[in-house]
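Fold and geometry: a report
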Amino acid sequence: MSIETTVTNAWQRKAAWLWLLLPISWLYGLIILLRRHAYKVGLLSSYRAPIPVMVIGNISVGGSGKTPLIIALVNHLQKRGIKVGVISRGYGGDTSQMPALVSTTSLPNVVGDEPCLIVHMTGVAMAVCPNRQQAITTLLDAESDLQLIIADDGLQHYALKRDIEWIVVDAARGFGNEQLLPTGFLREPMSRLEGAHVIYHEKPNTDSTKSSSKPQSSERLTMCLQADELQRLWIPQSSIKQMDNVIPASNSRVHAVSGIGYPQRFFNTLESLGFEVIGHPYPDHYDFNLTELLQYSDYPIVVTSKDAVKIKALLSDYTAEQASSDEYAQLVSRLWVLPVTAVLSDNCYDNLNQQLKALGIEADPDVSTKTPS
C-alpha cells in the first residue's frame, strides 16, 4: 500500500496519530492565509482574463466529483449555444510540452488523464498548463470567440482572477477531522465555504445526505453521480467479431481497480449496483501498467472512466508494438468501465444562469433550455 493510500485511509478513520502533525497544519494555515492576503492587497499579482472565468474546485484533497460536474456543465452550456472553453493544470501530463491544446487524439501522459476525458466526452476547446495565464492565452489564440472559460481545479490558484467560483463538497465523505493538511485533508479552512456557491455532492436516490457543514434546505445546491451501464473498455479491431458483449451480472464478483482521488466512492457505487467488490485502490492519477492488471485474472475488472483513458492508451501501444497474445486477449475480455453522469439539481442551473446573466453572457434563445435533456 502506498504512502498516499495509507494517509488517505488514516484521514477517513480520523486516526489519533494525525494530531501529532497539528503544528505543521498551523504553519500551513498561516502560510495560506498570508498568501491569499498578499494576492488580495496586490503584493502578489494575479491575471485577469479578457473573458469571464468560472473556477470549479474544492477545499479538500482527493476526488469530489469535479470532472463529471465540469462535463455536465460543458454539455449544458453547449446545448444553450454558449461558447465555452476549459483550462486545466494538466496534472500527470508532460509540462515540457505545455501549454498545449487538448484534442480527442491527445495522450494522457502528455496532457493529463482528466483533460483527455473531458474532451473525449464533450469535444470542448481545452488547453492545459500549470501557468493558467499561458493556458488561457493558448486557448483564446485557437478559439477567439469563446464567451466563458471554466478553470478545472483552480480554487487555490489565486494568480488567476475569477468571476464565478463553485466549490464542490463531498457530502457523504464530509471533512474528516476538519483540520488542514497534513492533520486532515483540507486544503483551506472550512471558513472558505462561507458565502460561497457550494455544490454538495450527495449519494444518488436520496433526498438528504449527512453533512458536517450545513443543514439541509431547499436552497442547497446538489449533484449526484448516476452510474450508467458497464461498457467494454477496449475492443481491438481484430477481435470485434470474436468478443461477446455479455455484461457481468450485478450479483457477480468483480475486481474494482481505481486510481482516483477517493476510490471508496467508486467501490460503494459498484456495491450499490449489486456487485461483490474486491477493491484495489491506487493513488490518484496512477500510471497503470498491463502487468499489474494481468494479476487480476479470476474475475472481471471494472475501472473508472478516468482510469480507462490511461489503460486504453496502454492497450493501444501494446497492440501497435506486438502481436496480440492469448494472455493479452484474455485481459482485454475482462476489462470493463463504469461511466457516470453528474446529475445537478435544478437550482444549480438557475444559479448558473443568473451568474452568467450578470456577466452579460446570454444563451442563444433558439436553443436555450433550463436543464440538459
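Up top is the structure.
This is a predicted model, so every value here is computed, not measured.

**Re helix 3 (residues 66–79)**
Each α-helix winds once per 3.6 residues, and so residues spaced three or four apart point in a common direction. Given a rise of 1.5 Å per residue, 14 residues ought to cover 20 Å, and the 20 Å separating the end C-alpha atoms of helix 3 matches this to within 8%. Counting buried positions along helix 3 yields 11 of 14 residues, so the element is predominantly enclosed. Every buried residue belonging to helix 3 is among Lys 66, Thr 67, Pro 68, Leu 69, Ile 70, Ile 71, Ala 72, Leu 73, Val 74, His 76 and Leu 77, and all of these are buried. Just downstream of helix 3 lies Gly 81, where phi reads positive at about 80 degrees.

**Describing the pattern of salt bridges**
Evaluated as defined, the whole model comprises 13 salt bridges. One salt bridge connects Lys 310 with Asp 113, and the closest N-O pair in it is separated by 3.1 Å. With a gap of 197 residues between them, Lys 310 in helix 9 (residues 305–321) and Asp 113 in helix 5 (residues 113–122) connect regions that are remote in the sequence. Given the relative accessible area of 2%, Asp 113 is considered buried. Between Arg 187 and Asp 153 there is a salt bridge whose closest N-O contact spans 3.0 Å. One end of the pair, Arg 187, is in the loop between strand 6 (164–170) and strand 7 (197–201); the other, Asp 153, is in the loop between strand 5 (148–152) and strand 6, and 34 residues separate them in sequence. Residue Asp 153 is classed as partly exposed on the basis of its relative accessible area, which comes to 26%.

**Brief notes about the sheet that holds strand 11 (residues 276–281)**
Taken in spatial order, the 5 strands make up an open sheet running 9-13-12-10-11, and their pairing is mixed. The open sheet has two edge strands, strand 9 (231–232) and strand 11, and neither has a second partner. The pairing of strand 12 (residues 301–304) with strand 13 (residues 335–338) spans 4 bridges and is classified as parallel. Bridge assignment links Thr 304 to a residue of strand 13, and that residue is Leu 338. Set on the sheet, helix 10 (residues 326–334) makes contact with strand 9, strand 12 and strand 13; between it and strand 13 the angle comes to about 25 degrees.

**Details of the sheet that holds strand 5**
The strand order across the open sheet built from 9 strands is 3-4-2-5-1-6-7-8-14, with neighbouring strands paired in mixed fashion. Each edge of the open sheet is held by one strand with a lone partner, namely strand 3 (100–102) and strand 14 (340–344). Within this sheet the neighbouring strands show an average axis-to-axis angle of 25 degrees, counted without direction. In terms of strand pairing, strand 6 meets strand 7 through 5 bridges, oriented parallel. Paired with Val 168 across the bridge in strand 7 is Ile 199.

**Overview of the packing of aromatic side chains**
Applying the stated criterion across every chain, the model contains 6 aromatic pairs. Seen from their ring centres, Tyr 282 and Phe 288 are 5.0 Å apart, and the 65 degrees between their planes marks the pair as edge-to-face. Comparing Tyr 282 with Phe 288 shows no difference in burial state: the two are buried. Here the aromatic rings of Tyr 286 and Phe 288 are separated by 5.1 Å at their centres, their planes lie at 80 degrees, and the arrangement is edge-to-face. Overall, Phe 288 belongs to the buried group, its relative accessible area being 5%. Ring pairs connect the aromatic residues Tyr 282, Tyr 286 and Phe 288, which therefore count as one cluster. In this structure, Arg 173 packs its charged tip against the face of Phe 185, placed 4.1 Å from the ring centre.

**A few points about the pairing of strand 5**
Counting buried positions over the 5 residues of strand 5 gives 5, a clear majority of the element. The two faces of strand 5 match: Leu 148, Ile 150 and Asp 152 on one face and Ile 149 and Ala 151 on the other face are all buried. Two strands pair when backbone bridges link them, and strand 1 (residues 53–57) and strand 5 are joined in this way by 4 bridges, in the parallel orientation. Of the residues in strand 5, the one forming a bridge with Met 54 is Ile 150.

Analysis parameters
Residues numbered from 1 in each chain as written. Predicted model: local features only at pLDDT ≥ 70, side-chain atom pairs only at ≥ 80, totals over all residues. Heavy atoms only, no water. Helix = DSSP H or I, 4+ residues; strand = E, 2+ residues; numbered from the N terminus. Expected span 1.5 Å × (residues − 1). Buried < 20%, exposed > 50% of the residue type's maximum accessible area, 1.4 Å probe, protein only. Salt bridge = Lys/Arg side-chain N within 4 Å of Asp/Glu carboxyl O. Pairing = 2+ DSSP bridges. Contact = heavy atoms within 4.5 Å. Axes fitted to C-alpha atoms, helices over the stretch in contact; angles between N-to-C directions. Phe/Tyr/Trp six-rings, centres within 6.5 Å; stacked < 30°, edge-to-face > 60°. Lys NZ or Arg CZ within 6 Å of the ring centre and 35° of its normal.

Nothing here speaks to function; it is geometry throughout.
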